[in-house]
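# Structural characterization, general
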Amino acid sequence: MARLLLPRPDPKPAENLRFLRAAVAHQCNLACLYCPKKAGMENHVPTCLRGDRLSTADYIRAQRAVAASGIVNAVAWTGGEPTLRSDLPAIVVAGRRDFARTEMTTNGLHLPDMFDDLAPNLDLLKVSLDAADPVLAQQITQGKPEDFDRALTAIRLGLQAGLPVGVNVVVMRRTVEQIPAIIALIADLHADVGRGTIYISLLDLYYTPSTRDFWRAEFVAMDTITDRLTELLGPPVEQFRKGCVIRWFDSGGMQIRIKDSHESTFRGDRCTSCPVYCQEGFYGLKLSVEGWVTPCPNGDERSGVHLSAYLDDQQMAARVAPLTRELAGTRLVEGSFATFLDRNGLDLTGAPARPLLPLAVIAAGRP
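An account of the accompanying structure is given in this report. Values in this document were obtained by computation on a predicted structure and should not be read as measured data. (Residues numbered from 1 in each chain as written. Predicted model: local features only at pLDDT ≥ 70, side-chain atom pairs only at ≥ 80, totals over all residues. Heavy atoms only, no water.)

## Considerations on the pattern of salt bridges
- In this structure the tally under the stated criterion is 16 salt bridges.
- Between Arg-331 and Asp-269 there is a salt bridge; the shortest N-O distance is 3.3 Å. Of the two residues, Arg-331 is situated in strand S14 (residues 331–334) and Asp-269 in the loop between strand S10 (264–267) and helix H9 (270–273); the sequence distance between them amounts to 62 residues.
- With relative accessibility at 37%, the residue Arg-331 sits in the partly exposed group.
- Linking Lys-286 and Glu-280 is a salt bridge whose minimum nitrogen-to-oxygen distance equals 2.7 Å.
- The buried category is assigned to Lys-286, whose relative accessible area is 5%. (Salt bridge = Lys/Arg side-chain N within 4 Å of Asp/Glu carboxyl O. Helix = DSSP H or I, 4+ residues; strand = E, 2+ residues; numbered from the N terminus. Buried < 20%, exposed > 50% of the residue type's maximum accessible area, 1.4 Å probe, protein only.)

## Thoughts on empty space enclosed by the protein
- Applying the stated criterion across every chain, the model contains 2 cavities of 30 Å³ or more.
- As for the second largest cavity, its lining consists of 13 residues, of which Cys-271, Cys-274, Val-276, Cys-278 and Cys-296 are closest to the centre. (1 Å grid on protein atoms, 1.4 Å probe; cavity = no way out; pocket = protein on both sides within 12 Å on 5 of 7 lines; lining within 4 Å. Points joined across faces, edges and corners; volume = space filled by probe spheres on them.)

## Structural notes on unusual backbone geometry
- The amide bond that connects Gly-79 to the next residue, Gly-80, takes the cis arrangement and shows omega of 15°.
- Although it is not a glycine, Gln-142 sits at a positive phi angle of roughly 55°.
- With respect to the helices and strands, Gln-142 occurs in the loop between helix H4 (134–141) and helix H5 (147–160).

This is the structure:
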C-alpha cells in the first residue's frame, strides 16, 4: 500500500488556482455513452497532429513550460484513460515538482497496477462512478460486469492510503435518481475503510456537436439539483474559482460538490467571435498527448500552439506565453448558458419534465 509523504486531508483546491488539463492518453478502455469520443475526449488536437505522441521526456517538458508561466499553477491528468499510459508515474512525479496542486481522473480499472507510484504525488484522486446500480453503470460505460467493482476498488485504495478521493458522477436523466444510492454506497465504503477523505462530485452533462442528440435527451440543469439539495440540507458553502462557482453541501458528514460551470462562465475576447460557443468557457489550458496547448475544447488549429519535440525549453515557453497572458485576462460572463444555447441552436423548453431528485436518504444523513 502506498504511504503518502504528507497528510493532505482537504479536497478543496485553493480558489486562485488555474488548471492545466493534461491529457496523457488518447484512448480509453471504456466507451461511456456521454463521452465526446469524436472530439477526442479531452485530448483536443488538430487532425494533422493527431496520433503523433510526444515522448515521456518531451511531454514532461511541455507541461513544465506551461507551469513556468506562473499563471497555470495546477495540473489535472486526464485522457482518454490516463492509467493506460505506462509512463504515467514519471509524468506525475515530474508534475509534482512543477505544480502547486496535482489531480488525476480515472475510471480506476488499471489503477492498482501503478497506484503505489502515483499516490504520493497526488493531491486528489478522482474516480468516475455514474450509478450505484452495477447493471446501469455497465450500460453507461459499455464495459464489463466486473468494471463496477474495479472502480470501487480504486476508491478503496485511495482511502486506505489516506489520499483525498472525489467520486465523479455525470448527472443525466437516466442517472439522477441514482444520486442518493451513490451517496449511500460511498458513505458505507468510507465507513468500512475507516480513514481518508472523500466527496461526491455532481457534474453537468457536457455538450459537443457529436453528442448533440444525447445531450438534448439527457441534460439535467444543475440548478435544479442545487435547489433541491438546499431545501433538504441547507445553504451550501460557496467556493469561487476561476471559471465557475463550486457549492459544497454536507450530508451527515458526506460532502457533496456541485460545480456550477454553465450559468456564468469565464470567457476571453476570442469567445465573442468563436463559431463554437462552448459550454465550459475559458478557465484554464489543455495539453494533448501530441503537445498541443489550447484553451478551447476543440481541435481548431487557430486556437492553440504546438509544443513539438524540436523546440527547446525557451521556445516552448515563448509559444505558451500568449495563451497564459490571455488566460489571465478572462472575465466572468453572466448568462453565458443562455448564450451557449442560442449560439448552438439548442432549446430546452420542449424537453421532458425534469425529474425530482429523491433525496430522502440524503436528508436523513449518514454516519
